[in-house]
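# Fold and contact review
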Amino acid sequence: MHSLPTAALAIAVTLALSAHAAEADKTTATADIKTIHCGHLIDTAAGKLLGESTIVIEGARIKEIRAGNATVTGAKQAIDLPTSTCLPGLIDSHVHLTMEFSPTTYSDKFRLNVADFAIRSTVYARRTLDAGFTTVRNLADIDNESIALRNAINAGIVPGPRIFTAGKAIGSTGGHADSTDGYRKDLAGDPGPKDGIINSPEDAWKAVRQHYKDGADAIKIMPSGGVLDESTSVDNAQMTIEEIKAVVAAAHDYGFTVAAHAHGAEGIRRAILGGVDSIEHGTYMDDADMKLAKEHGTWLVPTIIAGKTAEEMANKPGVYPPQIATKARLVGPIIQATAGKAYKAGVKIAFGTDAGVYPHGNNAREFEYMVEAGMPPMFAIQAATLHAAQLLKQNKDLGSIAAGKYADVIAVPGNPLDDIKLMQKVDFVMKAGERYK
Ligand SMILES: [Zn+2]
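Now for a quick tour of the structure. (Residues numbered from 1 in each chain as written. Predicted model: local features only at pLDDT ≥ 70, side-chain atom pairs only at ≥ 80, totals over all residues. Heavy atoms only, no water.)

### Some words on the pairing of strand E5 (residues 77-88)
Each regular strand displays side chains that alternate between the two surfaces of the sheet. Pairing of strand E1 (residues 33-43) with E5 involves seven bridges; the strand directions are parallel. Bridge pairing links Thr35 to Ala78 in E5. Two strands pair when backbone bridges link them, and E5 and strand E13 (residues 409-412) are joined in this way by four bridges, in the antiparallel orientation. Bridged to Thr85 within E13 is Val412. (Pairing = 2+ DSSP bridges. Helix = DSSP H or I, 4+ residues; strand = E, 2+ residues; numbered from the N terminus.)

### What about the coordination of the zinc ion?
Donor atoms from the polypeptide that bind the zinc ion are His94 (NE2), His96 (NE2) and Asp354 (OD), placed at 2.1 Å. According to the relative accessible area criterion, His94 is buried, its value standing at 0%. (Donors = N, O, S within 2.8 Å, 3.2 Å for Na, K, Ca; no water. Buried < 20%, exposed > 50% of the residue type's maximum accessible area, 1.4 Å probe, protein only.)

### A closer look at the environment of Asp229
In this structure, Asp229 sits in the loop between strand E9 (219-221) and helix H7 (241-253). In this structure Asp229 comes out as buried when scored by relative accessible area, which is 6%. When the C-alpha atoms of Asp229 and Thr180 are compared, they prove to be 9.2 Å apart, with 49 residues separating the residues in sequence. Asp229 has contacts with His176, Asp181, Ile324 and Lys327, leaving out every residue within four places of it along the chain. (Contact = heavy atoms within 4.5 Å.)

### Observations concerning the sheet that holds strand E8 (residues 162-165)
Across the sheet, three strands lie side by side as E6-E7-E8; this open sheet has parallel pairing. Among the strands making up the open sheet, the edge pair consists of strand E6 (90-95) and E8. For this sheet, the mean inter-axis angle between neighbouring strands, taken without regard to orientation, is 15 degrees. Sheet analysis places E6 next to strand E7 (residues 133-138), joined by four bridges and oriented parallel. Paired with Ile91 across the strands is Thr135, a residue of E7. Strand contacts of helix H4 (residues 145-154): E7 and E8, with the helix running at about 150 degrees to E8, the strand carrying the most contacts. (Axes fitted to C-alpha atoms, helices over the stretch in contact; angles between N-to-C directions.)

### As for unusual backbone geometry
The phi angle at Asn144 is positive, at roughly 65 degrees, despite the residue not being glycine. If you trace the backbone, Asn144 turns up in the loop between E7 and H4. Overall, Asn144 belongs to the buried group, its relative accessible area being 17%. For Lys393, which is not glycine, the phi torsion reads 55 degrees and is therefore positive. By the secondary structure assignment, Lys393 is in the loop between helix H15 (386-391) and E13. In this structure Lys393 comes out as exposed when scored by relative accessible area, which is 57%.

### Details of the environment of His281
Checked against the element boundaries, His281 lands in strand E11 (residues 278-281). Expressed as a C-alpha distance, the spacing of His281 and Thr338, which sit 57 residues apart in the sequence, is 9.2 Å. The residues touching His281, leaving out its near neighbours within four places in the chain, are His94, His261, Ala262, His263, Leu300, Val301, Pro302, Thr303, Ile335 and Asp354.

### Brief notes about the packing of helix H6 (residues 201-214) against H7
In the contact formed by H6 and H7, the axes pass within 8 Å of each other and the chain directions differ by 30 degrees. The pairing of H6 with H7 is recorded here as roughly parallel in orientation. Every pair of crossing elements has a handedness; the one defined by H6 and H7 is right-handed. Packed against H6, whose contacting residues are Pro201, Ala204, Trp205 and Val208, the element H7 presents Glu242, Glu243, Ala246, Val247, Ala249, Ala250, Ala251 and Asp253 at the interface. The residue makeup of the contact of H6 with H7, split by class, is nine nonpolar, no polar and three charged. (Parallel < 35°, antiparallel > 145°, perpendicular 65-115°, else oblique. Left-handed = near helix turned anticlockwise from the far one by under 90°. Nonpolar A, V, L, I, M, F, W, Y, C, P; charged D, E, K, R; others polar.)

### Digging into the packing of aromatic side chains
One pair of aromatic rings is described through two measures. These are the centre distance and the angle between the planes. For the coordinates displayed, the defined rule picks out eight aromatic pairs. The interplanar angle of 65 degrees and the centroid separation of 5.7 Å between the aromatic rings of Phe101 and Tyr106 together place this pair among those described as edge-to-face. Using a relative accessible area of 14% as the deciding quantity, one classes Phe101 as buried. Members of the aromatic cluster, joined through ring pairs, are Phe101, Tyr106 and Tyr320. Over the ring of Tyr406 we find Arg61; its NZ or CZ atom is 4.1 Å from the centre of that ring. Sitting above the plane of the Tyr406 ring, Arg162 keeps its charged end 4.5 Å from the centroid. (Phe/Tyr/Trp six-rings, centres within 6.5 Å; stacked < 30°, edge-to-face > 60°. Lys NZ or Arg CZ within 6 Å of the ring centre and 35° of its normal.)

Any functional reading would require information that these geometric values do not contain.
Okay, here's the thing in structure tokens:
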């Protein structure tokens with residue numbers, strides 16, 4: 001009974017793979033030139049709005065930028081966007097592509113298998129790409145299903161953004177990374193380093209090396225309490241500096257960057273001193289933390305939209321369990337003001353949203369909230385391109401429309417520097433030279 005559909009699936013997958021391989025060969029064999037004529041173009045590296053420009057693309061990468069509406073002989077395709085502003089593909093540095101919050105989230109954990117989450121993630125990935133996000137950093141999943149999603153996207157099997165994934169989050173027993181919080185004893189068990197739960201520097205090394213074995217691209221740690229888990233504190237410190245330092249040292253052995261979820265001031269302080277690359281959320285980041293972040297060159301990824309959504313959901317009866325609603329009401333309204341203060345203090349800011357806490361595809365609402373917090377529109381756009389690429393250590397390939405970088409190009413109808421809400425109206429998406437919208 002089972003062999004027939006499995007065999008059919010195997011044949012379908014083989015065909016898809018061989019078709020993709022043939023396409024790749026063709027690209028290298030003949031010059032595959034495309035042009036995009038843009039009414040305006042945002043040069044994120046220079047922080048400037050350019051006039052009429054033509055982007056010349058060869059294969060997956062940008063060959064050159066020419067001023068005006070240039071005709072390139074031998075171009076296979078000329079895309080004409082005379083009234084649009086072109087920008088580099090957007091980067092969301094904090095997403096959860098394999099989940100989307102709903103009122104059944106907490107009981108789904110007992111009903112759904114990893115395969116269910118993986119199948120749903122292909123839909124969320126497409127929505128994210130359609131919204132103009134050609135690259136994301138996935139900061140925690142359930143059981144490494146985001147690694148499978150990344151591989152399927154890279155193989156051309158499903159459409160989606162380029163993913164850099166942290167696999168499972170790393171944290172301590174009973175902390176924000178412990179997915180068994182709130183379970184009855186016999187179901188909770190005692191997860192260990194293999195599942196990202198550590199209680200010593202030695203455990204930290206094992207957990208990071210397990211991530212390397214599993215195929216992760218980055219590391220996410222939980223040095224402070226969080227909103228959407230069933231424990232009491234949202235901001236207590238949950239990892240020692242020694243544990244954080246061990247994670248960072250191990251991560252750097254394997255070329256991983258480290259992202260630290262942290263709401264509380266003490267958790268933030270320890271994470272910065274421990275050497276992490278970015279603080280996620282940063283709700284109670286105080287003046288001393290901001291000074292420390294600047295000294296250490298640590299990025300802040302504010303996720304304002306997550307705070308706003310959590311507050312909204314907390315006030316709808318029955319959406320969150322009571323313990324979580326209390327924490328969400330506390331933290332939700334603070335994140336935006338802290339982000340504004342951090343911007344004024346000169347902390348480096350990269351764009352990230354915590355997508356999955358709110359519905360995937362609405363990522364670009366964060367731009368509006370960043371501008372509301374006092375950041376200039378160009379700064380917000382650079383945070384989602386040039387600066388996010390620096391945080392990911394991918395600035396050689398991503399973050400600006402420049403010769404040699406990946407042809408990740410999006411367009412919006414009009415000038416987003418005049419109206420930042422236009423970032424929510426992306427109507428053209430190209431990733432690595434391939435048009436998706
Ligand atoms: Zn998150």
